[in-house]
Amino acid sequence: MPDAPPPPPARPQHPQLAVSAAIFRDGNVLLVRRARSPGKGVYSLPGGRVEFGESLHTALAREIEEETSLAIDIVGLAGWREVLPSVPGGGHYLIMSFAAHWRAGEPRLNEELDDFKWLATGALGDLKLTDGLIEVLDAAARLLAN
């Protein structure tokens, strides 16, 4: 009798810490579109989970390189948001969002993303955005202006 497939990993029973970056280049910010759930089809900032023992800045540089192949210079914390489970089995995340300058590279997306755009923060049009993104972008722009 063949072995049964392993059960899916258990959903964490505590909040997950994540980081994201508002990366500015020539007055525009990089937005990426998620290719899978949660957030499939929604534009947001690139980023991801912080691994155990990893500093926020190290996690951010790693996630940006993994998702977009870009090198960045992190300026500072622009804001944070908490994402609570909205559906059964959904995740609980605390996302620390940083302002950053683009340093090098051109976006090459990994399998988690399916589109990117460099846009002025005032020209986001009718894009479907993650909750709280406008406030984070405004805070990041102010931080970079100082």
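Everything discussed here concerns the structure shown above.
Conventions used here
- Residues numbered from 1 in each chain as written.
- Predicted model: local features only at pLDDT ≥ 70, side-chain atom pairs only at ≥ 80, totals over all residues.
- Heavy atoms only, no water.
- Phe/Tyr/Trp six-rings, centres within 6.5 Å; stacked < 30°, edge-to-face > 60°.
- Lys NZ or Arg CZ within 6 Å of the ring centre and 35° of its normal.
- Core = buried A, V, L, I, M, F, W, Y, C linked by side-chain atoms within 4.5 Å.
- Buried < 20%, exposed > 50% of the residue type's maximum accessible area, 1.4 Å probe, protein only.
- Helix = DSSP H or I, 4+ residues; strand = E, 2+ residues; numbered from the N terminus.
- Contact = heavy atoms within 4.5 Å.
- Expected span 1.5 Å × (residues − 1).
- Arc of directions from axis to C-beta.

Asker: How should the packing of aromatic side chains be read in this particular structure?
Answerer: When we look at a pair of aromatic rings, we describe it by the centre distance and by the angle of the planes. What the rule picks out here adds up to 0 aromatic pairs. Taking NZ or CZ as reference, Arg 25 lies 3.9 Å from the ring centre of Trp 102, over its face.

Asker: Please explain the nonpolar core as it appears in this structure.
Answerer: One broad rule of soluble globular proteins: the nonpolar side chains tend to lie buried together. Formed by 16 residues in total, the largest nonpolar core has its most connected members in Ala 22, Phe 24, Val 29, Leu 31, Leu 45, Leu 137 and Ala 140. Among the secondary structure elements, those contributing two or more residues to this core are β1 (16-25), β2 (28-34) and α2 (133-145). Broken down by element, the residue count for this core peaks at 6 residues, all from α2. For Ala 140, the contacting residues outside a window of four places in its chain are Ala 22, Phe 24, Ala 78 and Ala 99. Formed by 15 residues, the second largest nonpolar core is a distinct cluster that contains Ala 21, Ala 59, Leu 70 and Met 96.

Asker: What's the story with unusual backbone geometry in this structure? I'm lost.
Answerer: Most peptide bonds adopt trans geometry, and most residues besides glycine take a negative phi value. Backbone geometry places Asp 26, a non-glycine residue, at a positive phi of 55°. By the secondary structure assignment, Asp 26 is in the loop between β1 and β2. A relative accessible area of 74% places Asp 26 in the exposed class. Residue Ser 69 is not a glycine yet carries a positive backbone phi of 70°. By secondary structure assignment, the location of Ser 69 is in the loop between α1 (56-68) and β5 (71-83).

Asker: Sorry, what's going on with α2 here?
Answerer: What sets the pattern is the α-helix's 3.6 residues per turn: residues three or four places apart point alike. The first and last C-alpha atoms of α2 sit 18 Å apart over 13 residues, in line with the 18 Å expected at 1.5 Å per residue. Taken as a whole, α2 has its buried residues at Leu 133, Val 136, Leu 137, Ala 139, Ala 140 and Leu 144. Axial view of α2: buried residues confined to an arc of 165°, hence all on one face. Exposed residues on α2 whose side chains face more than 90 degrees from its buried face are Glu 135, Arg 142 and Ala 145. Considering only its buried residues, α2 is in contact with β1, β2, β3 (43-44), β5 and β6 (93-104).

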